[in-house]
Amino acid sequence: MSAETGAIRRRFEASLADLDVPVTSTTPAAFESTLETIASDPTVGTTLPFEGVSLPEWVDDEPTPATLERATTSVTAASLGIADYGSVVLPSTPDGSEQVSLFPDLHVPVLREADLVADMPTAIERLGPHLRDGESAIVATGPSATADMGALVKGAHGPKDVHVLVLESEGDDE
Amino acid sequence: MSGNAREQKADHIRHLLETEGDAVEANTLGFNDGRYESVADLEDYEGLKSEARAIKEDAIERLPALIDELTETVEANGGTVYIADDAADANRYIREVASEKEAERLVKSKSMTSEELEVNEALEADGVDVVETDLGEWVLQVADEAPSHIVAPAIHKSREEIARLFNEQFDPDEPLETAEELTMFARDRLGELIREADVGMTGANFITADSGSLMLVTSEGNARKSAVVPDTHVAVAGVEKIVPSVEDLAPFIELIGRSGTGQDITSYISLLTPPVDSPVVDIDDPDVAFADRDDDRDFHLVLIDNGRMAMREDDQLKETLYCIRCSACANTCGNFQSVGGHAFGGETYTGGIATGWEAGVHGQDSAAEFNDLCTGCSRCVEACPVEIDIPWINTVVRDRINRDGDAGRFEFVYDELVPDEEATGSIGLQKRLFGNYETLAKLGSATAPLSNWTAGLEPVRSLLERTAGIDRRRALPAFERETLVDWFEARGPRVSAADAEREAVLYPDTYTNYIDVDRGKAAVRVLEAMDVHVRIPAVSESGRAPLSQGMIATADAKASRVYAALAEHLDAGRDIVVIEPSDLAMFHREYEKLLPEASFERLRAGSYEVIEYVYGCLENGANGARLRTGDGGPAIAYHSHCQQRTMGVDRYTRAVFEALNYDVLESDVECCGMAGSFGYKQEYYELSMDVGDRLAEQFSAPEAKNRLVVASGTSCEDQLEDLLERDASHPVEVLDPRSRLR
Ligand code: SF4
């Protein structure tokens, strides 16, 4: 890990700590067991486009409106993490990442460490070509929230909790 | 305004202060404090604002071309674009879409533009069930009320009121009480309604011409659901929302949440390029996997003109189109903090910039309803992420309203007494009186003390209240027989030009010259203690008074007179020293609009607030020990002045007090609420006092209550004296070597 990546990583984690969002690191090999400690049943998910990583058996990877409704945890890929804000970028996909990341009470975005960027302009620069290609994405920062009912409440229409999983490449553990 | 109308207005404001004031105050103060904290974390806040401003300027400049580019992009993506001339046109199109879809229910995420269209009513007339899914908007839909804030529409409602409303309307098994219970109840109920919706409607905070993407700034997640659950998405947005490219979004993402609700970023920044790839959530097919669906989504982008293209051609209103509707100008505004958008707002929009929006989209009459509530304190100027001169837009619209209004009843009587440069139209007596304050002050001073004595008489106060709407609960300022200019002419300078370190012209503002002559004398002594050669020529009023009444032509003429009187001094290398911050703000801000650029720049570069000037002298080696210092001087409770803070010169007063060892406690309220003539007006007296109460509270706290009250502005001094029943002084009177203030 370069010094710069280390600094960005620390900044990302500090931003998440400010948001009260837990973050756990794992590796492709340990992915399933790590996820097990975080997710609660039933869990739904969409394809993770990361080498050496796939959704465990016990995750419903072909959700339907009915199973989505019942799920309490969701697992989807994040294409970028933004250190300054503790944000993750969630690309919309034809298999339903947008709704899967939105309906259940706990959302677990999975982010490769290498996809962390320092700031907003860098993230938006990376997103530009994708949007111009017709894609959509959500810059998500912490759980859904509202203050409309007289005090801050988490989980207004979307997840009440977010738990970020950072995927380190194998052999990169310190 | 007639006496009757004034009373009605006062009643309406009083009612809102009582019913909604507390909730509005708590929320807006929270947002405003959050803004200060959040923008402080940015490395280059000012740079980011300038970048945002430049993007908007460029986009509005190129708007017709961007509309074409966007239309092509969206169509290439598979969507439809409709450009609606006005609200009726937009509504007709949206109703057609709904009827083609045979839509029974349409779910909406929050959109002020859709409020401008009144599209809900239009669809409901066709039998479509329209559901607001933003929790705040939904509360208002259930309560059948209008938004009071452009970002947080229901801030005027307390949790208790919402609980009462829900319990009455929905009669839940267990009565709802906490914010958590209310939120979960709304989430479930709205979740059901969204699931069965046929059409989703959103607004857009920004639209990118290069990709055809909508940027939606939300925290709840309802906009995400509204856009992807049904198969049809209608987005409504003013044409001004278009920016050239995706990359242009970055500064706005960083600024919008911080400026508005004081969040570094909201939970969700949706960047949707519709029709989106996400599958429809179809409850009629509950067991078909999302991955197996093959949806044919429908997307309609309805771009609204409704007066915007005309605003673009209007040199003064054009700036309004840069507005990103963050709400900072509302949250930072003293009057808004007290009374909220149900008084400070028009048909659709609320807060300081609403004047520009209402005048542009609904017409001047709607703006005229509330335009007076902008007192020109200018605290919103530095808060606006796109650097809009919001007070100026308010002034311009006020000027236009003055010119177009009905003829005032008493005006002809007073034309002779208070002549001004406004050629046409009608300006009520109240505005004329305050706008021509200099003439009044001259007359009052020449006839003092008789004028003061008569002004205090009950029949006179009653007449003033009836005819000019000057509230009789306010003490009127007492005029001095000997003006500052006369006093100084008789006394002469005590530091000769030959011995002086510098030469300064002390600007005799109307208040110092005719009413608070003592603070002028104190300023002379302070400057002379710094080895400054002082001159006090007779110079016209700065134009602040007429400008605050929307009398721009009169202000313009005054600006020329002031400049003519000062130009020679500037040429001679003399510094212009100003005691009253609102007059200095004229020289530093508004004169840019009233004088040729070179003249404006020269006066701005050569003029200083009096304590700023003292600071400069001390920095250049003047002996601070020749002033009264904190050793032996009083402990101070200090309120800076709104415009002084916007100019950023308040820091010098702080620095000088500190350098001279004063024990200072400073207020952090945005404005004292007096704002020149505002607090004298019968219809606004109570509002002014309510705004002032925030300041009074700070200065009545145990740690402040025995301190000497010090304020930099005339209005603030008067307001503090009324509120606290303690004397208030200007900082220069504290520093005066002869000062006895305790
Ligand atoms: S005028 Fe400026 S501060 Fe006010 S809402 Fe618009 S962008 Fe925000």
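Just so we're clear, the structure is a prediction, and the values are computed from it rather than from any experiment. (Residues numbered from 1 in each chain as written. Chains lettered and ligands numbered in written order. Predicted model: local features only at pLDDT ≥ 70, side-chain atom pairs only at ≥ 80, totals over all residues. Heavy atoms only, no water.)

## Here we look at the state of the cysteines
Residue and element names in this part refer to chain B. Under the counting rule described, the total for this entry stands at zero disulfides over all chains. Of all cysteine sulfurs, the one in C716 lies closest to C672, which takes part in no disulfide; the gap is 4.1 Å. Classification of C672 as buried rests on a relative accessible area of 3%. (Disulfide = S-S within 2.5 Å. Buried < 20%, exposed > 50% of the residue type's maximum accessible area, 1.4 Å probe, protein only.)

## Thoughts on the interface of chain B and chain A
Accessible area lost when the parts come together is the quantity often used to give the size of an interface. The interface of chain B with chain A comprises 60 residues on the first partner and 53 residues on the second. Note on chain B versus chain A: buried area summed over both sides is about 4700 Å², and carbon and sulfur give 60% of it. Summed over the three residues of chain B that lose the most area to chain A, namely R187(B), R224(B) and F290(B), the buried surface amounts to 15% of that side. Between the two partners, chain B and chain A, sit five salt bridges. A salt bridge links D210(B) to R132(A); the nearest nitrogen and oxygen atoms lie 2.4 Å apart. (Contact = heavy atoms within 4.5 Å. Buried area = accessible area lost by both parts, 1.4 Å probe. Salt bridge = Lys/Arg side-chain N within 4 Å of Asp/Glu carboxyl O.)

## Describing the environment of A227(B)
All names here are of chain B. Along the polypeptide, A227 turns up in helix α11 (residues 222-228). Judged by its relative accessible area of 2%, A227 falls in the buried class. With 48 residues separating them along the chain, A227 and P275 place their C-alpha atoms 9.5 Å apart. For A227, the residues in contact, after removing those within four places along its chain, are T202, H233, L272 and R297. (Helix = DSSP H or I, 4+ residues; strand = E, 2+ residues; numbered from the N terminus.)

## Observations regarding the UniProt feature "domain: LUD" (unreviewed entry) in chain A
Per the UniProt record, "domain: LUD" (unreviewed entry) is found at residues 68-167 of chain A. Annotated as residues 68-167 of chain A, this span is 22% helix and 37% strand, and its ends, taken at the C-alpha atoms, are 25 Å apart. (UniProt positions renumbered as here; feature names shortened; annotations may be inferred.)

## Observations regarding the pairing of strand β17 (residues 708-711) of chain B
All names here are of chain B. Going residue by residue along β17, you find L708 and V710 tucked away on one face and V709 and A711 tucked away on the opposite face as well. Pairing of strand β15 (residues 636-639) with β17 involves four bridges; the strand directions are parallel. For A637, the partnering residue across the bridge sits in β17 and is V709. In this structure, β17 lies alongside strand β18 (residues 728-729), joined through two bridges in parallel fashion. Considered in β18, the bridge of V710 is made with S729. (Pairing = 2+ DSSP bridges.)

## Notes on the site of the ligand
In the vicinity of the ligand, 13 residues are found, and the nearest of them are C323(B), C326(B), S327(B), C329(B) and C384(B). Across the shell around the ligand, the residue classes tally to eleven nonpolar, one polar and one charged. (Near = heavy atom within 4 Å. Nonpolar A, V, L, I, M, F, W, Y, C, P; charged D, E, K, R; others polar.)

## Structural notes on the pairing of strand β13 (residues 164-167) of chain A
All names here are of chain A. Alternating residues of β13 divide into V164 and V166 and L165 and L167, and every residue in both groups is buried. Across three bridges, the pairing between strand β7 (residues 106-112) and β13 is parallel. Paired with L111 across the bridge in β13 is V166.

## Some points on the sheet that holds strand β14 (residues 607-609) of chain B
Residue and element names in this part refer to chain B. Across the sheet, which stays open at both edges, the four strands sit in the order β12-β11-β13-β14 with parallel pairing between neighbours. With one partner strand each, in any of the chains shown, β12 (532-535) and β14 form the two edges of the open sheet. Going from strand to strand, the sheet's axes swing by 35° on average, the running direction of each strand aside. As paired elements, strand β13 (residues 575-578) and β14 share three bridges and run parallel to each other. In the sheet register, V577 faces β14, and the bridge partner there is Y608. Strands β13 and β14 of the sheet are contacted by helix α31 (residues 597-606), whose axis makes an angle of about 40° with β14. (Axes fitted to C-alpha atoms, helices over the stretch in contact; angles between N-to-C directions.)

## A short note on the pattern of salt bridges
Where charged atoms of side chains with opposite charge meet at close range, the side chains can pair. Residues and elements named next belong to chain B. Considering all chains together, one arrives at 69 salt bridges over all chains under this definition. A salt bridge links R195 to E192, with the shortest nitrogen-to-oxygen separation between them at 2.8 Å. Pair noted here: R195 and E192 are both in helix α10 (residues 179-195), with a separation of three residues, about one helical turn. When the shortest N-O distance is used, the salt bridge between D575 and R502 registers 2.7 Å. With D575 in strand β13 and R502 in strand β11 (residues 502-507), the pair connects residues that are 73 residues apart, well separated along the chain. If you follow the salt bridges from partner to partner, you end up with D11, R14, D471, R473 and E686 in one network.

## A closer look at the nonpolar core
Residue and element names in this part refer to chain B. Residues L271, L301, L303 and I388 are the most contacted members of the largest nonpolar core, which totals 95 residues. There are two domains that each give this core at least three residues, and those are domain 1 (56-308) and domain 2 (484-735). In contact with L301, not counting residues within four places along its chain, are L70, V74, T80, V81, Y82, I207, L214 and A235. (Core = buried A, V, L, I, M, F, W, Y, C linked by side-chain atoms within 4.5 Å. Domains from an automatic or database assignment.)

## Some remarks on the packing of helix α29 (residues 552-571) of chain B against helix α30 (residues 581-594) of chain B
All names here are of chain B. Closest axis-to-axis distance for the α29/α30 pair is 10 Å, and the angle between their directions is 110°. Regarding the angle of α29 to α30, the classification is roughly perpendicular. With respect to the hand of their crossing, α29 and α30 are arranged in left-handed fashion. Contacts between α29 and α30 involve I552, A555, D556, K558, A559, V562 and L566 from the former and F587, Y591 and L594 from the latter. Here the contact of α29 with α30 is built from residues that sort into eight nonpolar, no polar and two charged. (Parallel < 35°, antiparallel > 145°, perpendicular 65-115°, else oblique. Left-handed = near helix turned anticlockwise from the far one by under 90°.)

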